[in-house]
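Reading the structure
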Amino acid sequence: MLHGIGFSLRDRLHPAMHAAFAFTFAAALLVGFSGPLMAQEKLTPAQETTMAQCLAGCKKGDANCQNSCTTKTATPAYFSAAGSCVRACADALAGPGQPEQSRVGDLVQCVRACN
């Protein structure tokens with residue numbers, strides 16, 4: 001008799017589990033597809049150059065300077081999506097004794113790659 005009750009309960013829970021799975025899957029799809037649409041826009045070549053010129057004046061590891069350059073040039077959405085990439089580029093190209101202007105071209109390429 002107990003087996004019959006458990007079977008009946010399982011039959012009733014089966015559609016509920018399907019509904020919960022479908023809801024979770026739909027929510028995950030919505031988040032997955034809407035994220036990239038809102039995440040970041042592309043920078044114009046002028047914005048890339050402006051950001052690179054600003055980043056060339058930042059010292060290695062100076063996240064405040066790098067973040068300031070990024071937020072002055074781009075939107076908050078771009079900063080949240082690509083800010084860590086821009087900081088990594090700026091740190092990688094911040095060599096000791098290297099003139100700022102010689103790095104601008106490399107930084108433009110780096111910023112473009114983060115874009």
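Predicted, not measured: the structure shown is a model, and the values here were computed from it.

**Examining the packing of helix H3 (residues 63-73) against helix H4 (residues 76-92)**
It is at 9 Å that the axes of H3 and H4 come closest, and there the two elements cross at 130°. Comparing the axis directions of H3 and H4 gives the class oblique. The two elements H3 and H4 cross, and the hand of that crossing is right-handed. Contacts from Ala63, Gln66, Asn67, Thr70 and Thr71 of H3 reach H4 at Tyr78, Phe79, Val86, Arg87, Ala90 and Asp91. Split into classes, the residues belonging to the contact of H3 with H4 amount to 5 nonpolar, 4 polar and 2 charged.

**Considering H3**
Given 3.6 residues per helical turn, the α-helix brings residues three or four places apart onto the same face. Here H3 has its buried residues at Gln66, Cys69, Thr70 and Thr73. Seen along its axis, H3 keeps its buried residues to an arc of 95°; they face one direction. Exposed and oriented more than 90 degrees from the buried face of H3 are Asn64 and Lys72. The inward-facing, buried residues of H3 abut helix H2 (45-56) and H4.

**Quick word on the confidence of the model for the chain**
Of the residues in the chain, 59% have a pLDDT of 70 or more, and the chain-wide mean is 74. Within the chain, H3 carries the highest mean pLDDT (93), whereas helix H1 (residues 2-39) carries the lowest (50). Contacts of residues 17-23 to residues separated by more than four positions or lying in other chains number 0 contacts, the stretch itself having pLDDT below 50. Note that residues 25-39 has pLDDT below 50 and, in this model, 4 contacts with residues that lie over four places away or in other chains.

About the criteria used
- Residues numbered from 1 in each chain as written.
- Predicted model: local features only at pLDDT ≥ 70, side-chain atom pairs only at ≥ 80, totals over all residues.
- Heavy atoms only, no water.
- Axes fitted to C-alpha atoms, helices over the stretch in contact; angles between N-to-C directions.
- Helix = DSSP H or I, 4+ residues; strand = E, 2+ residues; numbered from the N terminus.
- Parallel < 35°, antiparallel > 145°, perpendicular 65-115°, else oblique.
- Left-handed = near helix turned anticlockwise from the far one by under 90°.
- Contact = heavy atoms within 4.5 Å.
- Nonpolar A, V, L, I, M, F, W, Y, C, P; charged D, E, K, R; others polar.
- Buried < 20%, exposed > 50% of the residue type's maximum accessible area, 1.4 Å probe, protein only.
- Arc of directions from axis to C-beta.
- pLDDT = per-residue confidence, 0-100.

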